[in-house]
Amino acid sequence: MNINIKATNIELTDAISGYVITRLDSIKKFIKEGEEMTGYVEVGKMTKHHNKGDIYKAEFDIQIGGERNFIVSEKDDLYSAIDCAKEEIINKIVRNHDRKKTLFKRGSISIKKMMKGISDRNPFTSKK
């Protein structure tokens, strides 16, 4: 697991980088064995044009097995922005995994029907 952390308009402290790394460690359980994970994380304060309060941003760009997942979260607190981005990236990874599984299952059912002679439809071209 390779993680690069960048700070924008704030100083990157050990506490912030440690917090990001612990949050990204929870993503490991959603990765298959043998897949490589590369993460690019950018945390920081938005531009100084806001009238009231500071707005913090967390951008996660996680690549798992050649698949890129990108999430941006903006909150009033830096740590809540990181937590929100982590939850969104986990949801996206799980959703993509379920989607691939469903497409594979549909294709295999179609091929099985074609092999049995129940269906004349070609699963690769969707034509008879």
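Coordinates for the structure precede this section.
A brief structural summary. Just so you know, these numbers come straight off a predicted model, no measurement behind them.

What counts and how
Residues numbered from 1 in each chain as written. Predicted model: local features only at pLDDT ≥ 70, side-chain atom pairs only at ≥ 80, totals over all residues. Heavy atoms only, no water. Core = buried A, V, L, I, M, F, W, Y, C linked by side-chain atoms within 4.5 Å. Buried < 20%, exposed > 50% of the residue type's maximum accessible area, 1.4 Å probe, protein only. Helix = DSSP H or I, 4+ residues; strand = E, 2+ residues; numbered from the N terminus. Contact = heavy atoms within 4.5 Å. Pairing = 2+ DSSP bridges. Axes fitted to C-alpha atoms, helices over the stretch in contact; angles between N-to-C directions. Phe/Tyr/Trp six-rings, centres within 6.5 Å; stacked < 30°, edge-to-face > 60°. Polar contact = N/O pair within 3.5 Å; in protein donor to acceptor, adjacent residues only side chain to side chain. Salt bridge = Lys/Arg side-chain N within 4 Å of Asp/Glu carboxyl O. Right-handed = clockwise from strand over helix to strand, strands pointing away.

### What to know about the nonpolar core
If you look at the biggest cluster of nonpolar residues, it comprises 23 residues, and the most contacted ones within it are Leu24, Val43, Phe60, Ile82 and Ile89. Looking at this core, the elements with two or more residues in it are helix H1 (14–25), strand E2 (37–45), strand E3 (56–64) and helix H2 (78–116). Tallying contributions element by element places H2 first for this core, with seven residues. Residues within four places of Phe60 in sequence aside, it is in contact with Leu24, Tyr40, Val41, Asn69, Phe70, Ile71, Ile82, Ala85, Lys86 and Ile89.

### A few points about the pairing of strand E4 (residues 67–75)
In terms of strand pairing, E3 meets E4 through nine bridges, oriented antiparallel. Residue pairing in the sheet places Ile62 in a bridge with Asn69 of E4. Hairpin remark: E3 followed by E4, antiparallel, with two residues in the connecting loop; positive phi at Gly65, about 60 degrees.

### Section: the sheet that holds strand E1 (residues 2–8)
In space, the four strands of this open sheet follow the order E1-E2-E3-E4, with mixed pairing throughout. Edge positions in the sheet fall to E1 and E4, since each has one partner strand and no second. The sheet shows a mean angle of 10 degrees between the axes of neighbouring strands, taken without regard to direction. Strand direction decides the pairing type here: E2 and E3, joined by nine bridges, are antiparallel. If you follow Lys45 over to E3, its bridge partner there is Tyr56.

### Brief notes about the packing of aromatic side chains
In this structure the tally under the stated criterion is one aromatic pair. A ring pair is formed by Tyr19 and Tyr79, whose centres lie 4.7 Å apart and whose planes are at 85 degrees; its orientation type is edge-to-face. With Tyr19 in helix H1 and Tyr79 in helix H2, the pair connects residues that are 60 residues apart, well separated along the chain.

### Quick look at the environment of Arg68
Within the secondary structure, Arg68 is located in strand E4. Here Arg68 falls in the exposed class, since its relative accessible area comes to 52%. Residues Arg68 and Ile93, 25 residues apart in the sequence, show an inter-C-alpha distance of 9.5 Å. A polar side-chain atom of Arg68 sits 3.0 Å from a polar atom in the side chain of Asp61.

### Digging into the pattern of salt bridges
Applying the stated criterion to the full structure yields five salt bridges. A salt bridge links Asp61 to Arg68; the nearest nitrogen and oxygen atoms lie 3.0 Å apart.

### Thoughts on the pairing of E2
Here E2 lies mainly inside the structure; seven of its nine residues are buried. Two elements, E1 and E2, share seven bridges in a ladder whose sense is parallel. Bridge pairing in E2 links Asn2 to Thr38. Each parallel crossover has a hand, and the one from E1 via H1 to E2 is left-handed.

The analysis is restricted to geometry; functional conclusions fall outside its scope.
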